[in-house]
Amino acid sequence: MDSGQKVFVYEDVAKHRERNGCWLLISGKVYDVTAFLEEHPGGDEVLLAASGKDATDDFEDVGHSDDAKEMMEKYYIGEVDSATVPVRKKFKAQTSAVTHKQDESGFLIKILQFLVPLLILGFAFGLQFLGKKEKAED
């Protein structure tokens, strides 16, 4: 890092989430986007919602153009001290037991979808057979 580069603690970055002071943390870099709020194509609410936290995933999920990424440079104000950024919670995948139960119910539905029409068809043929048998006896 340059000696002239400002380093912020995460708590300071997180405080700037208002219209009169909106900072974004993206990939460890801090951007003061207050002046850009009115110009943002997605509206100022998008930027305000992404402020106060690490907005890296929000930024990358949108798929910004190269021009948008270049434009960020003029709003860059420094880096964040990575030691002060809280650890992000990881998504826990469902356990295999829960997935297994869902598979069982799906399997049961598939069997019923196959068996019920066969039973109805068998019942219809049985009635038809009994009807012909009764006519033959008359």
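Given the structure is predicted, the values throughout are model-derived calculations rather than measurements.

Peer 1: Describe the nonpolar core, and please don't skip the residues or the numbers.
Peer 2: Counting residues in hydrophobic clusters, the biggest one holds 14 residues, and the most contacted among them are Leu24, Ile26, Tyr31, Val33 and Leu47. Ignoring any residue separated from it by four or fewer positions in sequence, one finds Leu47 in contact with Cys22, Leu24, Val33, Phe36, Leu37 and His40. Counting residues in each nonpolar core, the second largest holds eight residues, with Tyr10, Ala14, Leu25 and Val30 among its members.

Peer 1: Before we move on, can you summarise the packing of aromatic side chains with the specific residues and values?
Peer 2: Considering all chains together, one arrives at three aromatic pairs under this definition. When the centroid spacing of 5.9 Å and the interplanar angle of 65° are considered together, the rings of Tyr31 and Tyr76 count as edge-to-face. Taken together, the residues Tyr31 in strand β4 (residues 29–32) and Tyr76 in strand β5 (residues 76–80) connect sequence positions 45 residues apart. For Tyr31, a relative accessible area of 9% translates into the label buried.

Peer 1: Give a detailed account of the layout of surface pockets, specifying residues and quantitative values.
Peer 2: In this structure, the largest pocket encloses a volume near 390 Å³. Surrounding the largest pocket, 19 residues form its lining, Phe36, His40, Leu47, Phe59 and His64 being those nearest its centre. Of all the secondary structure elements, the ones that give two or more residues to the lining of the largest pocket are β3 (21–26), α2 (44–50), α3 (56–62) and α4 (66–71). In terms of residue class, the lining of the largest pocket is built from 16 nonpolar, two polar and one charged.

Peer 1: Tell me about a nonpolar patch on the surface, and name the residues and values.
Peer 2: Together, Phe107, Ile111, Phe114, Leu115, Leu118, Leu119, Leu121 and Phe125 make up an exposed nonpolar region whose accessible area comes to about 840 Å². If you trace the backbone, Phe125 turns up in helix α5 (residues 96–137).

Peer 1: Let's hear about the pairing of β5: which residues, and what values?
Peer 2: In the sheet, strand β1 (residues 7–8) pairs with β5 via two bridges, with the strands oriented parallel. Across the sheet, the residue bridging to Phe8 is Val80, located in β5. Bridge analysis of β4 against β5 gives three bridges, and the strand direction is antiparallel. By the bridge assignment, Tyr31 is partnered in β5 with Tyr76.

Peer 1: Tell me about the side chain of Glu79, and please be specific about residues and values.
Peer 2: As for its placement among the helices and strands, Glu79 is situated in strand β5. No salt bridge is formed by the buried Glu79; its nearest oppositely charged neighbour, Lys29, is found at 4.9 Å. Among the polar contacts made by the side chain of Glu79, one reaches the side chain of Tyr76 at a distance of 2.7 Å.

Definitions and cut-offs
- Residues numbered from 1 in each chain as written.
- Predicted model: local features only at pLDDT ≥ 70, side-chain atom pairs only at ≥ 80, totals over all residues.
- Heavy atoms only, no water.
- Core = buried A, V, L, I, M, F, W, Y, C linked by side-chain atoms within 4.5 Å.
- Buried < 20%, exposed > 50% of the residue type's maximum accessible area, 1.4 Å probe, protein only.
- Contact = heavy atoms within 4.5 Å.
- Phe/Tyr/Trp six-rings, centres within 6.5 Å; stacked < 30°, edge-to-face > 60°.
- Helix = DSSP H or I, 4+ residues; strand = E, 2+ residues; numbered from the N terminus.
- 1 Å grid on protein atoms, 1.4 Å probe; cavity = no way out; pocket = protein on both sides within 12 Å on 5 of 7 lines; lining within 4 Å.
- Points joined across faces, edges and corners; volume = space filled by probe spheres on them.
- Nonpolar A, V, L, I, M, F, W, Y, C, P; charged D, E, K, R; others polar.
- Patch = residues over 30% accessible without salt bridge, like charges linked within 9 Å, V, L, I, M, F, W, Y side chains within 5 Å.
- Areas by Shrake-Rupley, 256 points an atom, 1.4 Å probe, with all protein chains shown as cover.
- Salt bridge = Lys/Arg side-chain N within 4 Å of Asp/Glu carboxyl O.
- Pairing = 2+ DSSP bridges.
- Lys, Arg positive; Asp, Glu negative; His and termini not counted.
- Polar contact = N/O pair within 3.5 Å; in protein donor to acceptor, adjacent residues only side chain to side chain.

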